[in-house]
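# Remarks on the overall topology
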2 protein chains.
Amino acid sequence: MTILFSRFTTRLIFLLFCASFSRAEAQDEDALMIRKIHEEALANGKAYSWLTTLCTQHGGRIAGSDAYLGAANFGRQILGSLPGVQAALQDCDASYWKRGPKEEVFIVKADGSRMRLRALSLGNSVGTGGQEIKAEVVEVKNLDEVEALGKEGIKGKIVFFNRPMDPAQIRTFSAYGGAVDQRVYGPSKASEYGAVAALVRSMTTKTDTFPHTGVTVYKDQVVPVPGIAIATADAELLSEALKTGAVTVSLKTDCQVMGLRPAPTVVGEWKGTSHAEEIILVGGHLDSWDVGQGAHDDGSGCMQSVEVLRILQSVGYQPKRTLRCVLFSNEENGLAGGRTYAEKSTEAGEFHLAAIESDAGGFSPRGFSFESDTSKFKMYYKKVSNWLPLLESYGIAFETGGSGADIGPLKTQKGLLIGLRPDSQRYFDFHHTEDDRIENVNQRELSLGAAAMASLVYLIDKYGLK
Amino acid sequence: MTILFSRFTTRLIFLLFCASFSRAEAQDEDALMIRKIHEEALANGKAYSWLTTLCTQHGGRIAGSDAYLGAANFGRQILGSLPGVQAALQDCDASYWKRGPKEEVFIVKADGSRMRLRALSLGNSVGTGGQEIKAEVVEVKNLDEVEALGKEGIKGKIVFFNRPMDPAQIRTFSAYGGAVDQRVYGPSKASEYGAVAALVRSMTTKTDTFPHTGVTVYKDQVVPVPGIAIATADAELLSEALKTGAVTVSLKTDCQVMGLRPAPTVVGEWKGTSHAEEIILVGGHLDSWDVGQGAHDDGSGCMQSVEVLRILQSVGYQPKRTLRCVLFSNEENGLAGGRTYAEKSTEAGEFHLAAIESDAGGFSPRGFSFESDTSKFKMYYKKVSNWLPLLESYGIAFETGGSGADIGPLKTQKGLLIGLRPDSQRYFDFHHTEDDRIENVNQRELSLGAAAMASLVYLIDKYGLK
């Protein structure tokens, strides 16, 4: 075949050559930028020292508490310290639940002697008002068993939900998803059948001595009864005791729902130069449970999100789109922060092109999970998948799936919602316990999560999602 | 186009269909087996409880010590408890180095007051025989600086090697590789130029208060001088003090090399049914430094290796090839175990088709690294790469690169050498310190490493490497 080049063909080939050349060049430039982002995070990172302050000065920051207000001011302060970032508090009211000083759960033996169980009232649970509730225990593995036992089996008793998280699941969040209905709906279901209280096996695959709290929700019309988590080691012990005969438990708590309180969400905005109307959000939730310091859940995600802006500034990147760092309020007990933020944003006619949430702990990043409530999702996912080779050498994989609770309400804006997916093996060792503390966060792992987020923000900002 | 099938074509299509069907079926079978392996490791794993015994009963098991002999017996016992596994001790002599009870390093101030530095003699170092050495300190960043300062700058002084591990490296082992020459060769180099001792900044990216020991090696003909690691926090402090003027350090140690002692390697063998002459080895090193419990380094790798055999038995797999679990002696201080094992194996005409070492901590597995000293390596790597889709969903990636120190001497047998690559971010928080303890190993992470190894052993055994 004779090859004849027309002037048009020659020009086309030249253009194709240039395009492929500039694509290669752009990839080199991107690889270099992503390398710089990671080096900045590891060598000069601030996330860990900010998190140390957040944990030690504003630990146990349940939304509505004074500790939460302190944390919100701290969040605004560090965001505001970044050049060109406007930081503000967004009004939000949250239902404030308060644990009382007394929480006692005992197995009462036949001879009257008592054995204490390590216990924590569930968030949002009613208390006993300091009065003793003493009743026989009935163990169940799931909500259906309560229905099956019916009022005759349940009435006047304490229902003990004792289905373990499945340790054989590779992803601990899947195991959590398969067990947490007992905590969220167990006490309400027990009450429907006349129970006087509910004990719930703590949500962890470990056999340990930490009770893990977390939210419980009562159905409308149901008379709330106390819901209390007990440590898995004590759940085993109680279950063993039940094999030998009837067991009576005595409990006293004095937690209560205090009503609505101010619990502002913190918003830091860094305006884009040319597509300022498209927002790229990074965030986590600033509130935690009242026990521990909320280090992994979710101080880590918040401080990583602030760090994303700091890193991009440090490496000299100037975003075209508007970058927003949002530290949401009240994720643990109602999601008021996420809902309010999305509502106000949509009212204001804003568009979030992308939102990345980090709320799975400050562990080594393993990837991102993507979702969107639009037919454009295929296009979005194809676009981001092009960038995977740039991130793979940092141990990052992509998958489709859930993103984050706080950014969930932004779905209606039809942008791309993204969850950072860190290694999940240790998360439920600490989740919602006294042990969720800064000592259990590794600085390098935390920093790498921030670097992964910053890298993705850089790529989305630079190339968009079309 | 009319389609006409000859009988030959029809037959070919049928065969292709069968082949692709059976390949798909085999893949399903493999996926199922790998799932079972992971579930067994997570739900019924023994590695963590064995590791707890090894750490708490036989911690600080430097080769040649009584603790090491206890560990070797324990290793033989658990291997021997597995049905069909022949467990034995393989004779090996190791140079036994012993830390004395006194180790003191002080900064001596102008007014005579002393400030203690957290210090540990380096393994294999000579001591001061309990006598005080007191001298001015000269700080250097590398071995070349010692040469540049020459005898006039070094003679009579204590050389302080203070080049930090580079925190900006993504992989901590790369950062270690870039700094550890100071520890291994620093004291010897300092002595060549007339120094009376050497202090070495501990090998970790963290600023912490744990001195990290590790081997030092003296060149032949060099008069050995004491080599001592100091905690990074104290290295910073000493370096700051040196900025304001001359600093004198006083030190006393009484460690010594005790000569050769028995330190057997533990070998457990599970004979294959049809290709018994091809050996697949899994292993780690049983010795540790004398401080801490040798939990991550390398109790984890040893107990994972025993666990590989247990898991495969539990899921009902019968290997065609011979599986060997080897718990090597003396990796930390001479590699006598690895060398002796390879020598005896080669003398006996054995062939290790593959050897997998786990010696990078009991953290979440991220992949495997492959190497081989043969032109067959391309074929090997192509073969294993076919299996990657089966392991990717467990977060496993493949790469070419180093395997493990203990299996290194097997290279001459021309098989495939493989290193388990766990997440490396936390490794140097604990490495060679008092803090390398069972409390810092996560059971699920440890188990997943064993499951990844067992999965790869299963695939190599089932399909070979041709």
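Residues numbered from 1 in each chain as written. Chains lettered and ligands numbered in written order. Predicted model: local features only at pLDDT ≥ 70, side-chain atom pairs only at ≥ 80, totals over all residues.

### Let's talk about the overall build of chain A
Where we set the bar: We count a stretch as a helix when DSSP gives it H or I for four or more residues in a row; a strand needs E for two or more, and each element gets its number in order from the N terminus. Computation of the radius of gyration draws on C-alpha atoms alone. For the globule rule, the value is 2.2 Å times the number of residues to the power 0.38. Neighbour counting defines burial: a residue surrounded by 20 or more other C-beta atoms within 10 Å of its own C-beta is buried, one with 12 or fewer is exposed, and intermediate counts give partly exposed, using backbone-placed C-beta atoms.
Per the secondary structure count, chain A includes 13 helices and 18 strands. Computed over the C-alpha atoms, the radius of gyration of chain A is 25 Å, within 12% of the 23 Å expected from 2.2 N^0.38 for a compact globule of 466 residues. Considering only C-alpha atoms, chain A reaches an extent of 100 × 55 × 40 Å along its principal axes. Considering chain A as a whole, with its 466 residues, one finds that 53% of them fall into the buried category.

### Re the sheet that holds strand β13 (residues 275-285) of chain A
Residue and element names in this part refer to chain A. What counts here: If DSSP finds at least two bridges between two strands, the strands pair. Inter-axis angles, ranging from 0 to 180 degrees, are taken between N-to-C directions of lines fitted to C-alpha atoms, where helices are fitted over the stretch in contact. With C-beta atoms placed from the backbone, a contact is any residue pair whose C-beta atoms sit within 7 Å.
Pairing in this open sheet of eight strands is mixed, and the strands run β1-β12-β14-β13-β15-β18-β16-β17 from one edge to the other. Each having just a single partner strand, β1 (85-90) and β17 (397-400) make up the two edges of the open sheet. Strand-to-strand, the axes of this sheet are offset by a mean angle of 20°, without reference to chain direction. Inspection of the sheet shows strand β16 (residues 365-371) paired to strand β18 (residues 416-422) by six bridges, in the antiparallel sense. Bridging from a neighbouring strand, Phe368 pairs with Leu420 of β18. Against the sheet, helix α3 (residues 66-80) touches β1, β12 (265-270) and β14 (321-328), its axis set at about 165° to β1.

### Side note on unusual backbone geometry
Residue Asp297 of chain A is joined to Asp298 of chain A through a cis peptide bond whose omega torsion reads 0°. On the secondary structure map, Asp298 of chain A appears in helix α8 (residues 295-314). In this model, Gln221 of chain A sits at a positive phi of 80°, which is unusual for a non-glycine residue. With respect to the helices and strands, the residue Gln221 of chain A is situated in the loop between β8 (197-201) and β9 (227-230). A residue is classified by how many C-beta atoms lie within 10 Å of it, and Gln221 of chain A, with 7 of them, is exposed. Its identity as a non-glycine residue notwithstanding, His432 of chain B has a phi of 60°, on the positive side. Relative to the elements of secondary structure, His432 of chain B occurs in the loop between α12 (427-430) and α13 (443-463). Take His432 of chain B: there are 30 C-beta atoms within 10 Å of it, and that puts it in the buried class.

### As for the interface of chain B and chain A
Just so we agree on the cut-off: Residue polarity is assigned by list, with Asp, Glu, Lys and Arg as charged and Ala, Val, Leu, Ile, Met, Phe, Trp, Tyr, Cys and Pro as nonpolar; anything else, Gly included, falls into the polar class.
Residue-level contacts link 19 residues of chain B with 19 residues of chain A. Looking at the side of chain B that touches chain A, the elements that each hand over two or more residues are α1 (7-44) and α13 of chain B. The dominant element in the side of chain B that touches chain A, judged by the number of residues it contributes, is α1 of chain B, at four residues. In terms of residue class, the side of chain B that touches chain A is built from seven nonpolar, six polar and six charged.

### Points about the relation of the copies chain B and chain A
Cut-off, in case you're wondering: In this comparison the copies share one frame, found by least squares on the C-alpha atoms of residues holding pLDDT of at least 70 in both.
Structural alignment of chain B on chain A gives an RMSD of 0.0 Å, achieved by rotating through 180° and translating 0.0 Å along the axis. Look at the turn and shift together and you get a two-fold axis relating the two. Mapped onto chain A, 100% of the interface residues of chain B are again interface residues, and the two copies thus contact each other with one and the same surface.

### What about the domain arrangement of chain A?
Often, the extent of an interface is quoted as the loss of accessible area upon association of its parts. Residue and element names in this part refer to chain A. The condition is simple: The domain limits used here are those given by an automatic or database domain assignment.
Domain boundaries assigned for chain A yield domain 1 (33-96 + 260-463) and domain 2 (102-254). Distance from the C-alpha centre of domain 1 to the C-alpha centre of domain 2: 33 Å. Taken together, the residues of the side of domain 1 that touches domain 2 break down into four nonpolar, six polar and four charged.

### Section: helix α4 (residues 143-154) of chain A
Residues and elements named next belong to chain A. What counts is decided by this rule: Multiplying one less than the number of residues by 1.5 Å gives the expected span of a helix. Starting at the helix axis, one direction is taken to each C-beta atom, and the arc is that of these directions.
A rise of 1.5 Å per residue sets the reference length of α4, with its twelve residues, at 16 Å; its end C-alpha atoms lie only 12 Å apart and thus fall more than 12% short of the reference. Restricting attention to buried positions, one finds in α4 the residues Leu143, Val146 and Ile154. Seen along its axis, α4 keeps its buried residues to an arc of 30°; they face one direction. Exposed residues lying more than 90 degrees from the buried face of α4 are Asp144, Ala148, Gly150 and Glu152. Once α4 finishes, Gly156 follows within two positions and takes phi at roughly 80°, a positive value.

### Observations concerning the packing of helix α4 (residues 143-154) of chain B against helix α6 (residues 181-192) of chain B
Packed helices, taken two at a time, are described by the angle their axes make and the gap between the axes. All names here are of chain B. Counted only if it meets this: Comment on the angle field: the value is read as roughly parallel under 35 degrees, roughly antiparallel over 145, roughly perpendicular from 65 to 115, and oblique elsewhere. Left-handed is the label given to a crossing in which the near helix is rotated counterclockwise from the far helix by less than a right angle, and right-handed is the label when the rotation is clockwise.
Between α4 and α6, the least distance of the axes is 11 Å, while the angle of their chain directions is 20°. When the interaxial angle is binned, α4 and α6 end up roughly parallel. As for the relative orientation of α4 and α6, their crossing is right-handed in sense. Packed against α4, whose contacting residues are Leu143, Val146 and Ile154, the element α6 presents Asp181, Tyr185, Gly186, Lys189 and Ala190 at the interface. Tallied by class, residues from the contact of α4 with α6 come to five nonpolar, one polar and two charged.

### Here's the deal with α8 of chain A
Residues and elements named next belong to chain A. In this model α8 runs just 25 Å from its N-terminal to its C-terminal C-alpha over 20 residues, more than 12% under the 28 Å that 1.5 Å per residue would give. Of all 20 residues in α8, 18 are buried; the element is thus mostly enclosed. Gly316 lies just past α8 and shows a positive phi near 80°.

### Points about the nonpolar core
Counted only if it meets this: Core membership is restricted to buried Ala, Val, Leu, Ile, Met, Phe, Trp, Tyr and Cys residues, and these are joined into a nonpolar core through C-beta atoms within 7 Å.
Among the nonpolar cores identified, the biggest contains 131 residues, and Leu51 and Val457 of chain B are the most heavily contacted of them. Among the elements that take part in this core, α13 of chain B stands out by supplying twelve residues, more than any other. Taken domain by domain, the makeup of this core includes at least three residues from each of domain 1 (35-96 + 260-463) and domain 2 (100-254) of chain B. In contact with Val457 of chain B, not counting residues within four places along its chain, are Ile280, Val282, Val308, Leu312, Leu323 and Ile356 of chain B. In this structure, Ala47, Ile154, Phe428 and Leu459 of chain A belong to the second largest nonpolar core, which totals 129 residues.

### A closer look at the pairing of β14 of chain A
All names here are of chain A. To keep things clear, this is the line we draw: For crossovers, right-handed means that the path from the first strand over the helix to the second runs clockwise, given strands pointing away from the viewer.
Within β14, eight of the eight residues are buried, leaving the element largely enclosed by the surrounding structure. Where β13 and β14 come together, eight bridges link them in parallel fashion. Paired with Val282 across the bridge in β14 is Cys325. In this fold, the crossover linking β13 to β14 by way of α8 has right-handed handedness.

### Some remarks on the pairing of strand β10 (residues 248-253) of chain B
Residues and elements named next belong to chain B. Here β10 shows a buried face lined by Val249, Leu251 and Thr253 and an unburied face lined by Thr248, Ser250 and Lys252. Bridge count for strand β6 (residues 133-140) against β10 is four bridges, and the pairing is antiparallel. When the sheet's bridge partners are listed, Lys134 is paired in β10 with Ser250.

### Some remarks on the packing of helix α2 (residues 47-57) of chain A against α3 of chain A
Residues and elements named next belong to chain A. Look at α2 against α3: their axes get within 10 Å of each other, and the N-to-C directions meet at 160°. Comparing their axes, α3 and α2 come out roughly antiparallel. Where α2 crosses over α3, the two elements pack in a sense that is right-handed. In this structure, α2 uses Trp50, Thr53, Leu54 and Gln57 to contact α3, whose residues at the interface are Gly70, Ala71, Phe74 and Ile78.

### What about the sheet that holds β6 of chain B?
Residues and elements named next belong to chain B. Within the open sheet, the eight strands sit side by side as β4-β3-β10-β6-β7-β8-β9-β5. Their pairing is mixed. The strands lining the two open edges of the sheet, one partner per strand, are β4 (114-116) and β5 (119-121). For this sheet, the mean angle separating the axes of adjacent strands, direction not counted, is 35°. Relative to strand β7 (residues 158-161), β6 is paired through four bridges, and the arrangement is parallel. Paired with Glu139 across the bridge in β7 is Phe160. Relative to strand β8 (residues 197-201), α6 is tilted by about 160°, and along the sheet it contacts β7, β8 and β9 (227-230). Running at roughly 90° to β6, helix α7 (residues 232-243) makes contact with β3 (103-108), β6, β7, β8 and β9 of the sheet.

### Re the environment of Ala263 of chain A
Residue and element names in this part refer to chain A. With respect to the secondary-structure elements, Ala263 resides in the loop between β11 (256-262) and β12. In this structure Ala263 comes out as buried when scored by C-beta crowding, with 31 C-beta atoms within 10 Å. Separated by 89 residues in sequence, Ala263 and Ser174 have C-alpha atoms that sit 30 Å apart. Beyond its immediate chain neighbours, meaning those up to four positions away, Ala263 contacts Ala63, Gly64, Tyr68, Cys92, Asp93, Ala94, Asp287, Ser329 and Asn330.

### Quick look at the environment of Val159 of chain A
As for its position among the elements, Val159 of chain A is in strand β7 (residues 158-161). Look at Val159 of chain A and you get buried, because 32 C-beta atoms sit within 10 Å.

### Examining the confidence of the model for chain A
Our working definition: The pLDDT score gives, residue by residue, the confidence of the prediction method on a 0 to 100 scale.
With 95% of its residues at a pLDDT of at least 70, chain A reaches an overall mean of 95. The low-confidence segment residues 1-6 of chain A, where pLDDT is below 50, has one contact with residues more than four positions distant or belonging to other chains.

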